[in-house]
Amino acid sequence: MEVDEPTAGANAGSNASTVEIPASKATKLRGHESEVFICAWNPTTDLLASGSGDSTARIWDMSDNSQAPNQLVLRHCIQKGGTEVPSNKDVTSLDWKCDGTLLATGSYDGYARIWTTDGRLASTLGQHKGPIFALKWNKRGNYILSAGVDKTTIIWDAESGQCTQQFSFHCAPALDVDWQTNTSFASCSTDQCIHVCKLNVDKPIKSFQGHTNEVNAIKWDPQGNLLASCSDDMSLKIWSMKQDTWVHDLQAHSKEIYTIKWSPTGPGTHNPNMNLTLASASFDSTVRLWDVERGVCIHTLTKHTEPVYSVAFSPDGKFLASGSFDKCVHIWSTQSGQLVHSYKGTGGIFEVCWNSRGDKVGASASDGSVFVLDLRKL
C-alpha cells in the first residue's frame, strides 16, 4: 500500500491571495431545463457542448465573448408510431472527435448519436439494450467506443454508423471506457473488473482484478503505457500491460473516488519537461495529486466542503480545475497546490473542462446551469 509523503499538501489551499471570481466575470448559459451532467470543449474552437437530463445536448458558441451566446439544441428523439418524439432520457456522455468536426453523445435511451458542429444529426447508433454510461472516440476518429447498463462494450465504425464488434464479457453494467490506441481499449464495470481488449479479438487480451468495489473510471496515461482506475473501494490503482498485478495501490482517500485525470505532461506530450501526475476527485471532498513514478501523494487540495465530481488539467498542466457539489469551481496551481481562483455557482458542479487554449473553464451544474469562466478577464 502506498501512503502520503509526510509533508505532502500540508499547506495546500491556505493561500491568502486566492482570487474570488465575481458573478459578473462568469458567463452563465441558460437553456437547459434539467440538471447538466456533462460538458466538453471542442478541441479546435470555442464551442462548448453540454448534456442534460432534459434529453438534449447543446452546443454553445463562446467565440465572441457575448453574455448571451448562440446555442444549438440537439434534441434526442426516438421513433414512436412513425413520428419522432423526445426520448425523455438523460444525455449522459459526450465526446468531441479530435479534429473538432463531430460530437458523439450517449443517452439513457440506449442510443449513441453523432452530430455535426452546426447541430445536424449525422447518424444514430443503436445496439445497446439500455442506458449508455460512457462513450469515446479513438484518436484517429474512425471508431467510437460505448459502454452501458446491458454489460456490453461496443465498437462502432464512425463512418458507416455500424456496430463493428460487441464485447459481452462483463457480468455487471459497464461504467467507463478509454482507448489505449486506435484499436485497443479498456473497459470497467461495477463487477470490479477491468478488461483490456483489441479490435477483432473476441476475448480480453488482459484482465486486471484487485478492486473490491465497483470501478468508477479508467484512464490511459498520455502515452498509453499505464492505466489508472478508481473505485468505490476508496483506492486508486495504476496498472501496466507488462504485469498482471497493479504497479501502485494508492490509498489515502476516506470515501469513494469518483473520477481521475492524467496530466498532459511528461514524455510524448506538449509539456515534456514536467512530471506526469494523476489527479483524483473523491466524495471525501478532497482532490489529490499523485506522483505516479514514486506512488506518493504530492498535494491534498482541501477547500471543497462537499463531494468532488470532476477535475481537469489545463492544457499546459500548470493548473487544475475542480468542481464539487458545494457549488464551487476551484482552480489550483499544480506546482504549489495553492488555490488560485475560486467561483461559486448556483448548483452542484458535475463537470469542469478547459478549452484548448487554456484561457476558459466551462462547468455544468445540477440546477440546469452551464457557465464559463474567462480567465483572461481576471
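Computed from a predicted structure; not experimentally measured.

### Things to note about the overall build of the protein
Link 1 in the chain: Summing up its helical and strand segments, the protein has zero helices and 35 strands in all.
Link 2 in the chain: In terms of overall dimensions, the protein is globule-like: its C-alpha atoms have a radius of gyration of 20 Å, near the 21 Å expected for 378 residues.
Link 3 in the chain: The buried share of the protein, reckoned over its 378 residues, is 58%.
Link 4 in the chain: Contacts in the protein between residues far apart in sequence, at least 24 positions, make up 47% of those at least 6 positions apart.

### Quick word on the sheet that holds strand 14 (residues 143-148)
One key point about sheets: their strands pair by backbone hydrogen bonds, in either a parallel or an antiparallel sense.
Link 1 in the chain: With antiparallel pairing, the four strands of this open sheet are ordered in space as 13-14-15-16. One side of each edge strand has no neighbouring strand; the edge strands of this open sheet are strand 13 (132-137) and strand 16 (163-167). For this sheet, the mean inter-axis angle between neighbouring strands, taken without regard to orientation, is 15°.
Link 2 in the chain: With five bridges connecting them, strand 13 and strand 14 associate as antiparallel partners.

### Brief notes about the side chain of serine 333
Link 1 in the chain: Structurally, serine 333 is set in strand 31 (residues 328-333).
Link 2 in the chain: Residue class for serine 333 comes out buried when judged on its relative accessible area of 14%.
Link 3 in the chain: Within the structure, the side chain of serine 333 is placed 3.2 Å from the backbone nitrogen of serine 336, a separation counted as a polar contact.
Link 4 in the chain: Not counting chain neighbours up to four residues away, the residues in contact with serine 333 comprise Lys318, Phe319, Gln338 and Val340.

### Quick notes on the side chain of histidine 76
Link 1 in the chain: Position of histidine 76 among the secondary structure elements: in the loop between strand 6 (71-75) and strand 7 (77-80).
Link 2 in the chain: Relative accessible area serves as the criterion here: at 1%, histidine 76 is assigned to the buried category.
Link 3 in the chain: Within the local environment of histidine 76, its side chain forms a polar contact with the backbone oxygen of leucine 74, the two atoms lying 3.0 Å apart.
Link 4 in the chain: Once residues lying within four places of it in the same chain are set aside, the contact partners of histidine 76 are Ser55, Thr56, Ala57, Val85, Pro86, Ser87, Val91, Thr105, Ser107, Arg113 and Trp115.

### Comments concerning the sheet that holds strand 4 (residues 47-52)
Link 1 in the chain: Here four strands make up an open sheet; going across it, the order is 3-4-5-6 and the pairing antiparallel. Two strands close off the open sheet at either side, each with one partner strand: strand 3 (36-41) and strand 6. In this sheet, neighbouring strand axes are inclined to one another by 20° on average, regardless of whether the strands run parallel or antiparallel.
Link 2 in the chain: When strand 3 meets strand 4, the two strands line up antiparallel, connected through five bridges. Bridge assignment links tryptophan 41 to a residue of strand 4, and that residue is leucine 48.

### Side note on unusual backbone geometry
Link 1 in the chain: Residues other than glycine seldom take positive phi values, yet asparagine 88 does so here, at roughly 55°.
Link 2 in the chain: Checked against the element boundaries, asparagine 88 lands in the loop between strand 8 (83-86) and strand 9 (91-96).
Link 3 in the chain: Taking the relative accessible area as the measure of exposure, asparagine 88 reaches 64% and is therefore exposed.

### Re the packing of aromatic side chains
Link 1 in the chain: Per the stated rule, a full pass over the model turns up 15 aromatic pairs.
Link 2 in the chain: Measuring from ring centre to ring centre gives 5.7 Å for phenylalanine 167 and phenylalanine 169, while their planes differ by 55°; the resulting arrangement is tilted.
Link 3 in the chain: On the basis of relative accessibility, which here comes to 2%, the residue phenylalanine 167 falls in the buried class.
Link 4 in the chain: Connected via pairs of aromatic rings, a cluster forms that spans Phe37, Tyr258, Phe283, Tyr309, Phe325 and Phe350.
Link 5 in the chain: Positioned above the aromatic ring of tryptophan 246, the side-chain terminus of lysine 237 is 4.9 Å from the ring centre.

### Here we look at the confidence of the model for the protein
Link 1 in the chain: For the protein, per-residue confidence averages 93 on the pLDDT scale, and residues scoring 70 or more make up 96% of the total.
Link 2 in the chain: Confidence drops under a pLDDT of 50 for residues 1-15, and excluding neighbours within four residues, the segment shows 40 contacts in the predicted structure.

### Overview of the pattern of salt bridges
Any two side chains of opposite charge can pair, so long as their charged atoms come close to each other.
Link 1 in the chain: Evaluation of the coordinates by the stated rule reveals twelve salt bridges.
Link 2 in the chain: For the salt bridge of arginine 58 with aspartate 54, the shortest nitrogen-to-oxygen distance reads 3.6 Å. No difference in accessibility class separates arginine 58 from aspartate 54, as the two residues are buried.
Link 3 in the chain: For the salt bridge of aspartate 176 with lysine 219, the shortest nitrogen-to-oxygen distance reads 3.4 Å. Taken together, the positions of aspartate 176 in strand 17 (residues 174-179) and lysine 219 in strand 21 (residues 215-220) put the pair 43 residues apart, joining distant regions of the chain.

### Some thoughts on the pairing of strand 34 (residues 360-365)
Link 1 in the chain: Within strand 34, six of the six residues are buried, which leaves the element mostly enclosed by the surrounding structure.
Link 2 in the chain: Of the two faces of strand 34, the one holding Lys360, Gly362 and Ser364 and the one holding Val361, Ala363 and Ala365 are both buried throughout.
Link 3 in the chain: The pairing of strand 33 (residues 349-354) with strand 34 spans five bridges and is classified as antiparallel. Bridging from a neighbouring strand, isoleucine 349 pairs with alanine 365 of strand 34.
Link 4 in the chain: Hairpin connection between strand 33 and strand 34: a loop of five residues separates the two successive antiparallel strands, and glycine 358 in this loop has a positive phi of roughly 80°.
Link 5 in the chain: Where strand 34 meets strand 35 (residues 370-374), five bridges bridge the pair, whose relative direction is antiparallel. The partner of serine 364 across the bridge, within strand 35, is valine 370.

### A few points about the nonpolar core
Link 1 in the chain: Core analysis: the biggest nonpolar cluster contains 16 residues, and Val329, Ile349, Val352, Trp354, Val361, Phe371 and Leu373 have the highest contact counts within it.
Link 2 in the chain: Where this core is concerned, the elements lending two or more residues are strand 31, strand 33, strand 34 and strand 35.
Link 3 in the chain: Counting residues in hydrophobic clusters, the runner-up holds 15 residues, among them Ala217, Ala228, Cys230 and Leu236.

What counts, and where the lines are drawn
- Residues numbered from 1 in each chain as written.
- Predicted model: local features only at pLDDT ≥ 70, side-chain atom pairs only at ≥ 80, totals over all residues.
- Heavy atoms only, no water.
- Helix = DSSP H or I, 4+ residues; strand = E, 2+ residues; numbered from the N terminus.
- Rg over C-alpha atoms; globule rule 2.2 N^0.38 Å.
- Buried < 20%, exposed > 50% of the residue type's maximum accessible area, 1.4 Å probe, protein only.
- Contact = heavy atoms within 4.5 Å.
- Pairing = 2+ DSSP bridges.
- Axes fitted to C-alpha atoms, helices over the stretch in contact; angles between N-to-C directions.
- Polar contact = N/O pair within 3.5 Å; in protein donor to acceptor, adjacent residues only side chain to side chain.
- Phe/Tyr/Trp six-rings, centres within 6.5 Å; stacked < 30°, edge-to-face > 60°.
- Lys NZ or Arg CZ within 6 Å of the ring centre and 35° of its normal.
- pLDDT = per-residue confidence, 0-100.
- Salt bridge = Lys/Arg side-chain N within 4 Å of Asp/Glu carboxyl O.
- Core = buried A, V, L, I, M, F, W, Y, C linked by side-chain atoms within 4.5 Å.

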